[in-house]
Amino acid sequence: MTNLETRLGGLTLPNPVLTAAGCGGTGRELGRFFDVGRLGALVTPSLTPQPRAGRPGPRLAETPSGVLNAAGLQGPGIETFLSRDLPWLAERDARVIVSIAGGSVREYTEVARLLGDAPGVAAVEINLSCPDVENRGSTFAAHPSAAARLVRAVRASAPRRIPVLAKLSADVTDIVGVAMACADAGADGLSMINTLHGMAIDTTTLRPALAGVTGELSGPAIRPVAVRCVYQVHAALPEVPIVGIGGIRTGLDALEFVLAGASAVAVGTATLHDPSACARVLRELEGALKERGIDRLADVVGLAHKPAGSLHRRIDPNVGLTVAGDTAGAGGAEPIEQETSQ
Amino acid sequence: MTDSPVAPVQVPGTVLTIRRTGAYHAMTLVAPGIAERFRPGQFVALAVGGERSSMLTRRCFFVREVKPDYGGTVEIVFAVRGTGTQWLAALRPRDILDVAGPLGRPFPLPRHPVRCVLVGEGHSGAALFPLAAVLRQRECAVHFVLGGAESEHVYGTRAARRVGDSTSVVTEDGSLGHRGRPEDLVAAVVEEAAAEVVYACGPTETLRAVSRIAVRYDLPVQVAVEEPMSCGTGVCQACVLPVIDDEGVTHMARSCVEGPVFRGERVRWDDLGTIPFDAYGAPRSVLPGSLS
Ligand SMILES: Cc1cc2nc3c(=O)[nH]c(=O)nc-3n(C[C@H](O)[C@H](O)[C@H](O)COP(=O)(O)O)c2cc1C
């Protein structure tokens, strides 16, 4: 049995695979395809103090290995979530990470405070990619000082027992600087990355593909950017847990993030394509670890930073030649482990 | 979503047959588990482009027919509109693709034998045929109005003549049946048949017009929208429409879980593509400086 347990600040999760905010619904949607209690955690869509109707359509366009979206955080607001959706998740023993958003620091802290009395909230994730009214509409994620101000305020408002994760944007020149500011301000962990700004133009209508003109790019198209961010931030802040996000579609993609320094991973756009993606990524990740003779996930977090050969096991050169996710391939892992574990 | 009768399945589907039908393609898939769960008006969401596809949104199609053969088959009818449907059209028997379904809220069915008018335009009209079959079982009268741009784009006239009490056909260019749009015939058919219920499936222009006519005759009208969907499962929130709920409040409702079937008079057709100012959660203020 591979030990997949992982820690995010004070929170221990039985496995590292989460839904990415806004891509896994509030549980009921995916609960029709697999048991959401088996997720490392379900990360909610970003919740705001008031309900939001979101943006007009078209809201989403397919791009090569990605999607561009401008849904505008449509959601019922925090109170409806707490009364309607959280109990449903609690009944299924799902660990819930509540993503929060707002237009001002006060709106974020309002939501964070309401979580205080809610049972079953495992952590808070701050979506820093919202425009800050006090900063001429520039996002919190864009400036170390704005990010720190928000993180500090949320940390102070959220119940002490709940870890606070700061979700960063890669649309900045120095993500390490923002990450350090968030960690100094009291973030217990970092989620990275959020979507990248993008745009697509419909060559039939000759107009922007989205009603919002520009949109947010996600999916495998952004994965190398995300891996780079995780790697750089883990190098600078090795003790801060990271949730790796961006284009994860398979167990090997998840492993790539772990090797870069992520203690957990979140699956976003892949869930639009495959509603069982999280369950499959978890199965494939477990298979990939086994196949490499790794019996504890925690042993390989950030391994790519170490010189080659530093894992105590020698890696069989044939590993990885079987198709990832092929569970039969995982079964064939036993002999490899015996051969290499001396 | 709570209206969805049973949880969907996600299974590898195997192409059994694929053939041209007018301007469209009809594909039958062996996809165990879907047939017995299916109710008329529901759809399936197909992954296109193979396992490592760069196309990450699902392509969603109304179900034309299900059969218990080979553990359960599903037939869909589609038009080639882009690279995803091109890929589908090039599939051959025994090819495999991922299928999720049945999804969405089905057509509500009358409890008593009533006289029904079923309006379909284009390939979405395929959704009317499983509905017609169930209505017949319930001894309802079924009157079809089928339309399309030209004869090649009218789906299902032969089947309609077989199962319907009457079938009226209309094309925009007059190449088959009457010249005009389906809504031009609906009032006459409703009167002639002394209809008690209207069902419709097709592009929003048609659904809007048919809903108006039904409201004018004070008839219940159930419409299945063909709003483009990206996931089909309710997670991405891309397929929303302004729909009025039981309390009179407008919500941005997801076509894939709250729909695709809506009560025609509850959809705010004139506000499609917008967030109505009075919608639940709409920006409360449009003063300069406020952010939404
Ligand atoms: C449709 C959609 C909705 C999203 N909603 C949110 C959200 O509410 N809050 C948030 O922090 N990120 C949101 N994201 C960003 C994802 O959580 C994730 O960071 C990003 O998509 C990159 O991961 P991926 O490539 O696996 O999708 C959304 C992404 C998509 C595609």
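- Looking at an unreviewed UniProt entry, one finds chain B named Dihydroorotate dehydrogenase electron transfer subunit, with Actinoallomurus spadix as its source organism.
- Under the Cofactor (unreviewed entry) heading, UniProt states for chain B: "[2Fe-2S] cluster".
- The record in UniProt for chain B states the following under Sequence similarities (unreviewed entry): "Belongs to the PyrK family."

- With an unreviewed UniProt entry as reference, chain A is termed Dihydroorotate dehydrogenase, source organism Actinoallomurus spadix.
- Annotation of chain A in UniProt includes, under Subcellular location (unreviewed entry), the sentence "Cytoplasm".

## Structural notes on the sheet that holds strand β8 (residues 141–148) of chain B
Residue and element names in this part refer to chain B.
Part 1 of the reasoning: With respect to topology, 7 strands assemble into an open sheet ordered β10-β9-β8-β7-β11-β12-β15, the strand pairing being mixed. The sheet is open, and its two borders are formed by β10 (178–179) and β15 (261–263), each paired with just one other strand.
Part 2 of the reasoning: Inspection of the sheet shows strand β11 (residues 197–202) paired to strand β12 (residues 221–225) by 5 bridges, in the parallel sense. Along β12, the bridge assignment pairs C201 with A224.

## So, helix α5 (residues 204–216) of chain B
It helps to recall that an α-helix has 3.6 residues per turn; residues three or four apart then point in one direction.
Residue and element names in this part refer to chain B.
Part 1 of the reasoning: Under the 1.5 Å per step criterion, the end-to-end length of α5 is 18 Å for 13 residues, consistent within 8% with the ideal 18 Å.
Part 2 of the reasoning: Considered for burial, the residues of α5 that qualify are T206, L207, R208, A209, V210, S211, I213 and A214.
Part 3 of the reasoning: In this fold, the buried residues of α5 make contact with β7 (115–121), α4 (182–193), β11 and β12.
Part 4 of the reasoning: Phi turns positive one or two residues past the end of α5, at D218, with a value near 60 degrees.

## Digging into the domain arrangement of chain B
Where interface size is given, it is often the accessible area lost as the parts come together that is meant.
Residues and elements named next belong to chain B.
Part 1 of the reasoning: Domain assignment breaks chain B into domain 1 (9–103), domain 2 (107–226) and domain 3 (231–285).
Part 2 of the reasoning: Using only C-alpha atoms to locate each centre, domain 1 and domain 2 end up separated by 24 Å.
Part 3 of the reasoning: Residue-level contacts link 14 residues of domain 1 with 18 residues of domain 2.
Part 4 of the reasoning: The largest per-residue losses of area from domain 1 upon contact with domain 2 belong to P40, F62 and R64, which jointly make up 45% of the total buried on that side.
Part 5 of the reasoning: Inspection of the region where domain 1 meets domain 2 yields 0 salt bridges.
Part 6 of the reasoning: Here domain 1 and domain 2 share 4 residue pairs in polar contact (both at pLDDT 80 or more) between them.

## Details of the pairing of strand β14 (residues 214–218) of chain A
All names here are of chain A.
Part 1 of the reasoning: Across 3 bridges, strand β6 (residues 66–69) lies against β14 in antiparallel orientation. Counted as the bridge partner of N69 is E216 from β14.
Part 2 of the reasoning: In the sheet, strand β11 (residues 196–199) pairs with β14 via 4 bridges, with the strands oriented antiparallel. Opposite M199, over in β14, you have T214 as the bridge partner.

## A closer look at helix α7 (residues 251–260) of chain A
All names here are of chain A.
Part 1 of the reasoning: With 7 of 10 residues buried, α7 lies mostly within the body of the structure.
Part 2 of the reasoning: Residues G251, D253, A254, L255, F257, V258 and A260 constitute the buried set of α7.
Part 3 of the reasoning: Looking at the packing, one finds that the buried side of α7 touches α6 (223–236), β15 (242–245), β16 (264–267) and α9 (277–291).
Part 4 of the reasoning: Among the residues trailing α7, G261 stands out with phi positive, at a value near 130 degrees.

## Examining the UniProt feature "active site" (unreviewed entry) in chain A
All names here are of chain A.
Part 1 of the reasoning: The UniProt entry lists C130 under the feature "active site" (unreviewed entry), expressed in the numbering used here.
Part 2 of the reasoning: Position of C130 among the secondary structure elements: in the loop between β8 (121–127) and α4 (144–157).
Part 3 of the reasoning: Leaving out residues up to four positions away in the same chain, C130 has contacts with L73, A101, G102, Y108, S138, T139 and F140.

Analysis parameters
- Residues numbered from 1 in each chain as written.
- Chains lettered and ligands numbered in written order.
- Predicted model: local features only at pLDDT ≥ 70, side-chain atom pairs only at ≥ 80, totals over all residues.
- Heavy atoms only, no water.
- UniProt positions renumbered as here; feature names shortened; annotations may be inferred.
- Pairing = 2+ DSSP bridges.
- Helix = DSSP H or I, 4+ residues; strand = E, 2+ residues; numbered from the N terminus.
- Expected span 1.5 Å × (residues − 1).
- Buried < 20%, exposed > 50% of the residue type's maximum accessible area, 1.4 Å probe, protein only.
- Contact = heavy atoms within 4.5 Å.
- Domains from an automatic or database assignment.
- Buried area = accessible area lost by both parts, 1.4 Å probe.
- Salt bridge = Lys/Arg side-chain N within 4 Å of Asp/Glu carboxyl O.
- Polar contact = N/O pair within 3.5 Å; in protein donor to acceptor, adjacent residues only side chain to side chain.

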